[in-house]
Amino acid sequence: MTPVRLIKLALMSLPLLLAACNEPGTYPVSGEECGPDDPVLELDASDCPAGAAV
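First, a word on what this report is: a plain description of the structure on this page. (Residues numbered from 1 in each chain as written. Predicted model: local features only at pLDDT ≥ 70, side-chain atom pairs only at ≥ 80, totals over all residues. Heavy atoms only, no water.)

**Quick notes on the overall build of the protein**
Inclusion rule: Per the convention used, a helix needs a DSSP run of H or I reaching at least four residues, while a strand needs a run of E reaching at least two, with both numbered from the N terminus. Remark: exposure states derive from per-residue accessible area (1.4 Å probe, protein chains only) relative to the maximum for the residue type, with buried under 20%, exposed over 50%, and partly exposed in between. Surface exposure here means Shrake-Rupley accessible area, sampled with a 1.4 Å probe, where a residue is shielded only by the protein chains that are shown.
Across its full length, the protein holds one helix and zero strands. Every one of the 54 residues in the protein was classed for burial, and the buried ones make up 6%. Here the protein displays about 5,100 Å² of accessible surface, and carbon together with sulfur accounts for 67% of that area.

Right under this line is the structure:
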């Protein structure tokens, strides 16, 4: 792998790594605190359409 490709890969993956660094009990992107009455706690895998991640 060339150095240019390594740099591009590092720059593209940096936002993902930074988004994962957050306080426990907060949402990774917004940084908002999670609460016991958050609607996402009621979600199940069956609530998501089959092709949503594609």
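**So, a nonpolar patch on the surface**
The line we're drawing: A patch consists of residues whose relative accessible area exceeds 30% and which take part in no salt bridge; residues with like charges are grouped when within 9 Å of each other, and nonpolar side chains (Val, Leu, Ile, Met, Phe, Trp, Tyr) when within 5 Å. Think of a salt bridge as a Lys or Arg side-chain nitrogen and an Asp or Glu carboxyl oxygen that are within 4 Å of each other.
Taken together, the side chains of Met1, Leu6, Leu9 and Met12 present a nonpolar region at the surface, about 480 Å² in accessible area. Following the sequence through the fold, Leu9 ends up in helix α1 (residues 3–20).

**A few points about the side chain of Asp38**
Convention followed: Throughout this description, a polar contact denotes any pair of N or O atoms lying within 3.5 Å of each other; where both atoms belong to protein, one of them has to be capable of donating a hydrogen while the other can accept it, and for residues adjacent in sequence the pair is counted only when both atoms sit in side chains. Contacts: residue pairs with any heavy atoms within 4.5 Å of one another.
Within the secondary structure, Asp38 is located in the segment after α1. From its side chain, Asp38 meets the backbone nitrogen of Gly35 in a polar contact 2.7 Å long. Here Asp38 is in contact with Tyr27 and Glu33, once residues within four sequence places are set aside.

**Regarding the environment of Gly25**
Of note, Gly25 is situated in the segment after α1. You can call Gly25 partly exposed: its relative accessible area is 40%. In this structure, the C-alpha to C-alpha distance between Gly25 and Gly35, residues ten residues apart in sequence, is 8.0 Å. Not counting residues up to four positions away in its chain, the partners in contact with Gly25 are Glu32, Glu33 and Cys34.

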